[in-house]
Amino acid sequence: MKLTTTETGFTLTHKDRVVFEHSTDAPILFLGVGEANYDMYRGNFDITDYVTERLPMRQFDVERFEREGVEAFAVSFKFDGEAVLKMIVSPTAEGRLKAEFEAIDKKYNRFWLRVAADKEERVFGCGEQLTYLNLRGKNFPLWSSEPGVGRNKKTEVTFMADVKDKAGGDYYTTNYPQPTFVSDDKYFCHLETTAYADFDFTNDTFHELQAWDIPQYLLLDREESYDALMENITGVFGRQPMLPDWVHDGVILGLQGGTDITVEKIAIAKQHGVEVAGAWCQDWQGKKITSFGKRLQWDWQWNPEMYPGLDTKIHELKEQGVRFLGYINPYVLEDYPLYKIAAEKGYLATKKDGSKYVVDFGEFYCGVVDFTNPEACEWYKDVIKTNMIDFGLDGWMGDFGEYLPTDCTLSNGVSAEIEHNKWPYRWAKIQHEAIEEAGKTDDILFFMRAGGTGIQGYCHTLWGGDQLVDWCLDDGLASVIPAALSSGLMGNGIHHSDIGGYTTLHGKKRSKELYQRWVEMNAFTPILRGHEGNRPDDNHQFDTDEETLLHLAKFTRVFKHLKPYIKDAVALNSQKGMPVQRPLFMHYEDEAETYEIKYQYLFGRDMLVAPVYNQGETVKKVYLPKDNWIHAFTGETFTGGEWVDVEAPIGQPAVFYRAESAQRALFEGIAAL
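Since we're looking at a predicted model, the values are computed, not measured.

Quick word on the sheet that holds strand E28 (residues 461-463)
- The seven strands lie next to each other as E18-E19-E22-E26-E27-E28-E29, forming an open sheet whose pairing is parallel. Edge positions in the sheet fall to strand E18 (251-255) and strand E29 (495-496), since each of these pairs with one other strand and no more.
- The pairing of strand E19 (residues 276-281) with strand E22 (residues 323-328) spans three bridges and is parallel. Along E22, the bridge assignment pairs Gly 278 with Arg 323.
- Lying on the sheet, helix H6 (residues 374-389) is in contact with E22 and strand E26 (395-398); it crosses E22 at an angle near 145 degrees.

Structure representation (structure tokens):
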């Protein structure tokens, strides 16, 4: 780390890269005053900001001092001769650069910081991004929310969702934002804040990081390789635990409707050769019917009327090698038993005057369990341990986490506006600790869509959220690929999606072809799990016809066959933070083409997957990096370094393995399955 000063500016470098280049003519810091308005409707936010001041911090003083035996710097930024913010820059024990921010004038609640950039630099990350992989040329508001339907303002389905439901979304809307980016210059940059943020990558010479609060610090480090960079990043944020062994044994069928239906559908699947690892029954605690479709009864305990005998059947299924999974979220249904307990004990968020506060979730209302209250956290962990783990559940969807309203009051006294982006972290921590305290970390799987800084060490796996049941790039099958790659670069290296998508609205219905193509892709992800969608009767399902059942059976055999390879990749993610699904540039960094490819991925080190994501497509255009490749289903060999056209009929996806792989014998067995 080196700081060079002149009368009119300073330059800060770290590991031979310029981080800040400040001058009176081109300041790196702006402070301001603003008042935000957050209009939330069922997890969708319309956010505006009225900025009354944005002031350049041109003037500065530098003080050099020693901290823990190494040189550090304190930069005092001034306006009209008065110091308003201090930036203390020092190396951490691990060699990272850390710039801490101390507000001197407390009136400022808007912050813009410019980090030096190169014109040709590419950047990735910012949590889970579903439209773009390379973020350069766009800005990305970072606020946890519903991603929206369609996520493209130019499409009819997004227009319809906006007009009818205020739920259209845009290219940046995401369940999981994180104020962190990764550069192709092999550095990461993280801004420690949970406030609303916006990272702007549109300028040639700097990246502008905005936050609606004064951040705690900026953290940055650079490495010589992407492997080392991922180990560094997860050294900061944490690493996901290993997946339970049973997860690799086949598909987790998304089922609902009761005990008899569940048992019957498992039997039908097995009769057709489907390898079944589990049954995920999101309605295990009952259901509600709304205009949106089948919804769940949010009172987290077994519903014996809908699932009679489940208390014994769940153990019988486990003896047959089929695990049973359920559903929970961080809200409790108004006037139901858990809500009444939480309200009586003061475990719910309130209005400012301490009165009742509930959130509209679409024709029903719920209380927000206050995770800033330690007693509420212990109570909710006990709900999970008693009603779910002790009952026999082997996992669940830990849904939501994005809906914390900004106008509720929390027990820790921190503004809900500041807590909002932290809520997914708090929710992940509750679930992980409940499992850990029950001694079940190696055996229980839970998955979340919401995310934020620090979930890496608590959230066992992400799933991509509620994709549309269609082929649109921004919100269909294709969108989960950049979602997996971007979140993997943040240290969430285990990612998957609902087979066939979820959202069935505005005339969109899941077709047989879409379902089959999604199966083919998900067989080459760490977890193979289905979902019936919000309107199951409108969607093609795994058991709609025999051909679909046999197709699913084939790819569950492929998935199970790859168990040793997938387990090795999952172990590397747990040990060193290397994601299971990787962008091509991670291992082929000298090939410029690989940095712009967002709809292909490396599955571990030795497999390349190019999913079909266009309706009716049977010939797939694939970029193969410079290596020797073998088609996993045909055995055809290719020399990489170019684009190739590959036949890809249903049942024969464009999946390749490296000829020099130590796992070649395993891969050769795929074609016979």
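With respect to the UniProt feature "domain: SRP54-type proteins GTP-binding" (unreviewed entry) in the chain
- Here, the residues flagged by UniProt with the feature "domain: SRP54-type proteins GTP-binding" (unreviewed entry) are residues 27-40.
- Note that residues 27-40 is 0% helix and 86% strand, and that its end C-alpha atoms are spaced 35 Å apart.

Structural notes on the packing of H6 against helix H8 (residues 423-437)
- Contact geometry for H6 and H8: axes closest at 9 Å, N-to-C directions at 55 degrees. If you check the angle between H6 and H8, you find them oblique. Here H6 and H8 pass one another in a crossing that is right-handed. Contacts from Cys 377, Tyr 380, Lys 381, Ile 384, Lys 385 and Ile 389 in H6 reach Trp 427, Ile 430, Gln 431, Glu 433, Ala 434, Ile 435 and Glu 437 in H8.
- In terms of residue class, the contact of H6 with H8 is made up of eight nonpolar, one polar and four charged.

With respect to the sheet that holds strand E10 (residues 110-116)
- Strand order in this open sheet of six strands is E5-E4-E10-E16-E15-E12, and the pairing throughout is antiparallel. Only two strands of the sheet have a single partner each, and these edge strands are strand E5 (44-56) and strand E12 (139-142). Neighbour-to-neighbour, the strand axes of this sheet turn through a mean angle of 25 degrees, independent of strand direction.
- Bridging between strand E15 (residues 197-200) and strand E16 (residues 206-211) involves four bridges; their strand directions are antiparallel. Bridge pairing in E16 links Asp 200 to Glu 208.

Considerations on the nonpolar core
- The biggest cluster of nonpolar side chains holds 144 residues, and the ones touching the most others in it are Trp 298, Tyr 380, Phe 524 and Met 607.
- Looking at this core element by element, the count peaks at eight residues for H6.
- Look past the residues within four positions of Met 607 in its chain and what remains in contact with it is Phe 524, Leu 562, Tyr 565, Tyr 601, Leu 602, Val 655, Phe 656, Tyr 657, Phe 667 and Ile 670.
- By size, the runner-up hydrophobic cluster in this structure holds 44 residues, among which are Leu 29, Met 87, Val 89 and Ala 211.

Some points on the environment of Tyr 425
- Relative to the assigned elements, Tyr 425 resides in helix H8.
- It is 5.8 Å that separates the C-alpha atoms of Tyr 425 and Gly 452, two residues lying 27 residues apart in sequence.
- The contacts of Tyr 425, once residues within four sequence positions are left out, are Thr 453, Gly 454, Ile 455 and Tyr 458.

As for the packing of aromatic side chains
- As enumerated under the stated definition, the model contains 56 aromatic pairs in all.
- Relative to Phe 324, the ring of Tyr 307 has its centre 6.3 Å away and its plane inclined at 80 degrees; by these criteria the two rings are edge-to-face. Residue Tyr 307 is found in the loop between strand E21 (293-296) and helix H4 (310-319), and its partner Phe 324 is found in strand E22; the two are separated by 17 residues along the sequence.
- Among the residues examined, Phe 324 registers a relative accessible area of 1% and is labelled buried.
- A centroid spacing of 4.8 Å and a plane angle of 50 degrees characterise the contact between Tyr 599 and Tyr 613, whose relative ring orientation is tilted. Placement of Tyr 599 in the loop between strand E30 (581-582) and strand E31 (601-603) and of Tyr 613 in the loop between strand E32 (607-610) and strand E33 (619-624) is noted, with a sequence separation of 14 residues between them. The residues Tyr 599 and Tyr 613 share a single accessibility class, namely buried.
- Grouping aromatic residues by their ring pairs yields a cluster made of Tyr 132, Phe 140, Tyr 171, Tyr 172, Phe 181, Tyr 187, Phe 199 and Phe 201.
- When the ring centre of Tyr 217 is taken as origin, the NZ or CZ atom of Lys 98, which lies over that ring, is 4.4 Å away.
- A cation over a ring is seen here: Arg 529 above Trp 280, with NZ or CZ 4.9 Å from the ring centre.

A look at the pattern of salt bridges
- Using the criterion set out here, one finds 47 salt bridges in the structure.
- One salt bridge in this structure joins Arg 114 and Glu 208, with 2.9 Å as the shortest N-O distance. Taken as a pair, Arg 114 in strand E10 and Glu 208 in strand E16 lie far apart in primary sequence, 94 residues in all.
- A relative accessible area of 12% means that Glu 208 is categorised as buried.
- Shared partners join several salt bridges into a network, and the residues in it are Glu 378, Lys 381, Lys 385, Lys 429, Glu 433 and Glu 437.

A word on the environment of Val 570
- Mapping Val 570 onto the fold places it in helix H12 (residues 563-576).
- Ignoring any residue separated from it by four or fewer positions in sequence, one finds Val 570 in contact with Met 242, Leu 243, His 248, Ile 494 and Val 580.

A few points about helix H2 (residues 226-237)
- With 12 residues, H2 should reach 16 Å at 1.5 Å per residue; the first-to-last C-alpha distance of 16 Å fits that figure.
- Of all the positions in H2, only Tyr 226, Leu 229, Met 230, Asn 232, Ile 233, Thr 234 and Phe 237 are classed as buried.
- Looking at the buried positions of H2, the neighbouring elements they touch are strand E13 (177-183), strand E14 (187-192), strand E17 (217-222), helix H9 (480-489) and H12.
- Looking one or two residues beyond H2, the residue adopting positive phi is Gly 238, at roughly 105 degrees.

Side note on helix H1 (residues 156-165)
- Along H1, the residues that are buried comprise Val 157, Thr 158 and Ala 161. The arc that holds every buried residue of H1, seen down its axis, measures 100 degrees, which confines them to one face. Of the residues in H1, the exposed ones pointing more than 90 degrees away from the buried face are Glu 156, Phe 159, Val 163 and Lys 164.
- One or two residues past the end of H1 sits Lys 166, with phi positive at roughly 55 degrees.

Notes on unusual backbone geometry
- Although it is not a glycine, Asp 16 sits at a positive phi angle of roughly 70 degrees.
- Locating Asp 16 in the fold gives a position in the loop between strand E2 (9-14) and strand E3 (17-23).
- Taking relative accessible area as the criterion, Asp 16 reaches 80% and is therefore assigned exposed.

Calculation notes
- Residues numbered from 1 in each chain as written.
- Predicted model: local features only at pLDDT ≥ 70, side-chain atom pairs only at ≥ 80, totals over all residues.
- Heavy atoms only, no water.
- Pairing = 2+ DSSP bridges.
- Helix = DSSP H or I, 4+ residues; strand = E, 2+ residues; numbered from the N terminus.
- Contact = heavy atoms within 4.5 Å.
- Axes fitted to C-alpha atoms, helices over the stretch in contact; angles between N-to-C directions.
- UniProt positions renumbered as here; feature names shortened; annotations may be inferred.
- Parallel < 35°, antiparallel > 145°, perpendicular 65-115°, else oblique.
- Left-handed = near helix turned anticlockwise from the far one by under 90°.
- Nonpolar A, V, L, I, M, F, W, Y, C, P; charged D, E, K, R; others polar.
- Core = buried A, V, L, I, M, F, W, Y, C linked by side-chain atoms within 4.5 Å.
- Buried < 20%, exposed > 50% of the residue type's maximum accessible area, 1.4 Å probe, protein only.
- Phe/Tyr/Trp six-rings, centres within 6.5 Å; stacked < 30°, edge-to-face > 60°.
- Lys NZ or Arg CZ within 6 Å of the ring centre and 35° of its normal.
- Salt bridge = Lys/Arg side-chain N within 4 Å of Asp/Glu carboxyl O.
- Expected span 1.5 Å × (residues − 1).
- Arc of directions from axis to C-beta.

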